[in-house]
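# Coordinate analysis (summary)
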Amino acid sequence: MDAYRDGKLPRDIMTQVESHLKACETCSGIYGLQVLAEKVMEQEKELQPDYFLTTRVMTRIDSLKGSGYNPATAFIRVLKPVLVTASMVAAIIFGIMLGNLSRPFTERERIPVELALIDDSTIESVNILSNE
Amino acid sequence: MTDNEVIKLILQGDKEKFRMLVEQYQQMVFRTCMGFLHNKDDADDLTQEVFIKVYQSLSRFKGEAAFSTWLYRIAVNASLNKVRKSSKNLILQRLDAFFGTEKTKEVPFLPSDTKNPESILIRQEHVEWVRRALESLPENQRTAIVLSKYDDLAQKEIAEIMNTTEGAVEALLQRAKKNLREKLSSHRKNK
């Protein structure tokens, strides 16, 4: 059918198909619908979009612009929550580090290990001895 | 000025340049939408939505494919989504039809050579069969036939848009034509 419609069949077969379509109501009906399908598609294809389409689109875009939308900054806007979270985490870590810096200094840290092992609790005080 | 240059300017903040893209490609997008929806008002609305979507996702266009290919993909996806939503609303439409509240459907394609009211009605009915047959095709076959018949694209371009091979597109088009023929024949037999 497609080949017949496009005129791609040899001349004698074209004539045979043509005479068959004239005689057979079923085939001519189906062929007619196929031709109609092509016509429907052709006519739909010829339709023009709304004359004011461009204006409508640009107005919508302006309203997006009014609400602060800009495709160039869209990426940054998506990235914003990530940046806020990252800066909060950085602030917490910085706070912990700062807290560690101001921790009270303990003597134990300065005493060498060998001296720390000596238990001097049993040694008498120098003051007590001098009083005697 | 090439499409990529225009896009660059838009992304730099010159939004008025988007008008150029809309004017250049509106017919193409509209034809694609019309191929799926078969209704001018719906196709107009969807074309507008497609361009808004394009504007909003312009920063994601990498320029690896042609801008038209990217635009076709967006238009096809938007049309398929619209068709899916419409088929979900079919039950509601049937209820509307049952209670007589359904809007009359637009059938603008009347042959100019017909003056007889009866033949006009028969032709309208046939046009409706054709549309239903087109609508009942599987999504990929439908996409291939719309891009081929409405947009006059070559199989190579269709393959690029559908992200498949030329051979697969050819097979899809053959199956679509066969399916369409069968559906139209069965409609005729049922009548």
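In short, a report on the structure.

Parameters and conventions
The residue count restarts for each chain, going from 1 along the sequence in the order it is written. Here every chain gets a letter starting at A, and every ligand a number starting at 1, in the order they are written. Note on the predicted model: pLDDT of at least 70 is required for a residue's local features to be given, and 80 or more for side-chain atom pairs to be given and counted; whole-chain, interface and lining totals, by contrast, use all residues. Contact between two residues is assigned when their C-beta atoms, built from the backbone, lie within 7 Å. Helix and strand labels come from DSSP, where a helix needs a run of H or I of at least four residues and a strand needs a run of E of at least two; each type is numbered from the N terminus. To obtain an axis, a line is fitted to C-alpha atoms, over the contacting stretch when the element is a helix, and the angle between two such axes runs from 0 to 180 degrees between their N-to-C directions. Reported orientations rely on four angle classes, namely roughly parallel under 35 degrees, roughly antiparallel over 145, roughly perpendicular from 65 to 115, and oblique for the rest. In a left-handed crossing the near helix is turned counterclockwise from the far helix by less than a right angle, and in a right-handed crossing that turn is clockwise. Residues were grouped as follows: Ala, Val, Leu, Ile, Met, Phe, Trp, Tyr, Cys and Pro as nonpolar; Asp, Glu, Lys and Arg as charged; and all remaining residues, including Gly, as polar. Bend, at a single residue, is the angle you get between axes fitted to the 7 residues ending at that residue and the 7 residues starting at it. The burial criterion counts other C-beta atoms lying within 10 Å of a residue's C-beta, which is placed from the backbone; the residue is buried at 20 or more, exposed at 12 or fewer, and partly exposed between these limits.

### Some thoughts on the interface of chain A and chain B
On the side of chain B, 39 residues touch chain A, which itself brings 28 residues to the contact. At the level of elements, helix H3 (25–46), helix H4 (53–66) and helix H5 (71–101) of chain A are the ones that each hand at least two residues to the side of chain A that touches chain B. The element contributing the most residues to the side of chain A that touches chain B is H3(A), with 11 residues.

### A word on the packing of helix H7 (residues 139–149) of chain B against helix H8 (residues 155–162) of chain B
In helix packing, the relevant descriptors are the interaxial angle and the interaxial distance, both defined with respect to the helix axes. Residue and element names in this part refer to chain B. The interhelical angle for the contact between H7 and H8, taken along N-to-C directions, is 135 degrees, at an axis separation of 10 Å. Here H8 runs oblique to H7, going by the angle between their axes. Along this stretch, H7 crosses H8, giving a crossing that reads as right-handed. Judged by residue contacts, Thr143, Ala144, Leu147 and Ser148 of H7 engage Ile158, Ile161 and Met162 from H8. Looking at the contact of H7 with H8, its residues break down into 5 nonpolar, 2 polar and no charged.

### Regarding helix H2 (residues 18–37) of chain B
Residues and elements named next belong to chain B. The largest bend along H2 reaches roughly 55 degrees and is located at Tyr25. Among the 20 residues of H2, 14 are classified as buried, and the element is accordingly described as predominantly covered. Just downstream of H2 lies His38, where phi reads positive at about 55 degrees.

### A closer look at the environment of A:Leu36
Mapped onto the secondary structure, A:Leu36 falls in helix H3. A:Leu36 gets classed as partly exposed once you count the C-beta atoms within 10 Å, which come to 18. Once the C-alpha coordinates of A:Leu36 and A:Asp2 are considered, the two residues, 34 residues apart in sequence, prove to be 13 Å apart. Each residue touching A:Leu36, except ones within four places of it in the same chain, is listed here: B:His126, B:Val127 and B:Val130.

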